[in-house]
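# Observations on chain architecture
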Amino acid sequence: MNCFQVQKKGLKILKLGFELLGNNGVALIQIRYSDGNNSQKSKRWGYKFHPYSMTSYTIEEFWESSKMIGFEPLGIFLKPFQPLVNDRRYAYFFLMKK
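Note that the structure is a prediction, hence the values are computed from the model and not measured. (Residues numbered from 1 in each chain as written. Predicted model: local features only at pLDDT ≥ 70, side-chain atom pairs only at ≥ 80, totals over all residues. Heavy atoms only, no water.)

This next bit is on the overall build of the chain. Counting its regular elements, the chain contains two helices and four strands. For the chain, the α and β elements follow one another from N to C terminus as α-β-β-α-β-β. Out of the 98 residues belonging to the chain, those deemed buried represent 35%. Restricting to contacts in the chain with at least 6 residues of sequence separation, those with at least 24 account for 62%. For the chain, the accessible surface area stands at approximately 6600 Å², while carbon and sulfur atoms represent 58% of it. (Helix = DSSP H or I, 4+ residues; strand = E, 2+ residues; numbered from the N terminus. Buried < 20%, exposed > 50% of the residue type's maximum accessible area, 1.4 Å probe, protein only. Contact = heavy atoms within 4.5 Å. Areas by Shrake-Rupley, 256 points an atom, 1.4 Å probe, with all protein chains shown as cover.)

This is the structure:
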């Protein structure tokens, strides 16, 4: 499975969430974001060992994808470093179904 198939599956799950959410419902979605650095881009290998590196999106890409699905993005909270897991680049999207 390549990175594009994985990202497509991630957006398919987001669409399923949209369909299950009631009108005016709010979703909180956590993603691991890429800041555009080539070393952070989704890889075409290693999903079994490093799935998070295959499922990262840029902030803009996920924002626009959620709008295309039908969500109204309300805001984003960025957590550049998460000490609980000693990892970086987490984004929390607040999305509303209108």
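A few words on the pairing of strand β4 (residues 87-97). If a strand is regular, its side chains alternate between the two faces of the sheet. In terms of burial, β4 is largely enclosed, as eight of its eleven residues are buried. Across ten bridges, the pairing between strand β3 (residues 71-82) and β4 is antiparallel. Opposite Q82, over in β4, you have D87 as the bridge partner. In this structure, the hairpin formed by β3 and β4 is closed by a connection of four residues, where N86 is found at a positive phi of approximately 50°. (Pairing = 2+ DSSP bridges.)

Notably, N24 is not glycine yet its phi reads approximately 65°, a positive angle. Its location among the elements puts N24 in the loop between α1 (3-20) and β1 (26-34). Positive phi outside glycine occurs at R89, with the angle close to 65°. Assignment of secondary structure puts R89 in strand β4. Given a relative accessible area of 12%, R89 falls into the buried group.

Turning our attention to a nonpolar patch on the surface. On the surface, a cluster of nonpolar side chains totalling about 470 Å² of accessible area is made up of V26, L28, L74, F77 and F94. Those elements that provide at least two residues to the nonpolar patch are β1 and β3. Positionally, V26 belongs in strand β1. Judged by its relative accessible area of 48%, V26 is partly exposed. (Patch = residues over 30% accessible without salt bridge, like charges linked within 9 Å, V, L, I, M, F, W, Y side chains within 5 Å. Salt bridge = Lys/Arg side-chain N within 4 Å of Asp/Glu carboxyl O.)

Quick look at the environment of P73 now. Turning to its location among the elements, P73 is positioned in strand β3. Taking the relative accessible area as the measure of exposure, P73 reaches 14% and is therefore buried. Separated by 20 residues in the primary sequence, P73 and F93 place their C-alpha atoms 7.2 Å from one another. Not counting chain neighbours up to four residues away, the residues in contact with P73 comprise W63, S66, K67, F94 and L95.

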